[in-house]
Amino acid sequence: MSQIHFHSDFYEAIKNGNKTQTARVDEPIPELGKGEAIFDDKPSIEIHITKVTHKSFKELTIEEIKKDGFDSKEELWSVLLGFYPELKQTDHLILIEFEAV
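Residues numbered from 1 in each chain as written. Predicted model: local features only at pLDDT ≥ 70, side-chain atom pairs only at ≥ 80, totals over all residues. Heavy atoms only, no water.

1. Details of the packing of aromatic side chains
Here is the rule we go by: Any pair of Phe, Tyr and Trp rings, taking the six-membered ring for Trp, is counted once the centres come within 6.5 Å. Such a pair is stacked with planes under 30 degrees apart, edge-to-face with planes over 60 apart, and tilted for the rest. Secondary structure follows DSSP: runs of H or I at least 4 residues long count as helices, runs of E at least 2 residues long count as strands, and numbering of each begins at the N terminus. Working definition: with a 1.4 Å probe on protein chains only, accessible area under 20% of the residue-type maximum means buried, over 50% means exposed, and in between means partly exposed.
Following the criterion strictly, the structure yields five aromatic pairs and no others. Both rings, one in Phe10 and one in Phe70, keep their centres 6.3 Å apart while their planes meet at 80°; by these two values the pair is edge-to-face. Of the two residues, Phe10 sits in the loop between strand E1 (2-5) and helix H1 (11-15) while Phe70 sits in the loop between helix H2 (62-67) and helix H3 (73-83), which places them 60 residues apart along the sequence. Each member of the pair Phe10 and Phe70 is classed as buried. Relative to Phe39, the ring of Tyr11 has its centre 4.9 Å away and its plane inclined at 75°; by these criteria the two rings are edge-to-face. Of this pair, Tyr11 sits in helix H1 while Phe39 sits in the loop between strand E3 (33-38) and strand E4 (45-56), placing them 28 residues apart in sequence.

Next comes the structure, spelled out in structure tokens:
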């Protein structure tokens, strides 16, 4: 079972199904199927990992951005830079789609 660590700010969005994707850089690729969303200060959430793809930020569609819980490319880019300050818009991201169980 794959475990994916999330910032606590995303807890409610994952729990209520508003966030069904996460974009990662240079992390292990999770296995499809049963997984767990892990948080530092909140209970874990059981998830089902449904798809893993690779794209650059520049290639992301608005639908993918909304799956990640954001309303615009600018909003997602700002958050990604907070986690990955050296990230370039042409760098490849790992897009992990999931659903809370």
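2. Remarks on unusual backbone geometry
Not every positive phi belongs to a glycine, and Asp26 is a case in point at roughly 50°. Tracing the backbone shows Asp26 in the loop between strand E2 (21-24) and E3. Looking at Asp26, the relative accessible area reads 76%, which means it is exposed.

3. Quick word on the pairing of E3
Defined as follows: Here, strands pair whenever DSSP counts at least two bridges between them.
Sheet topology note: the E1/E3 ladder contains four bridges and is parallel. Note on E3: the bridge partner recorded for His5 is Ile38. One ladder, built from five bridges, connects E3 with E4; its direction is antiparallel. Counted as the bridge partner of Gly33 is Ile49 from E4. Hairpin connection of E3 to E4: six residues between the antiparallel strands.

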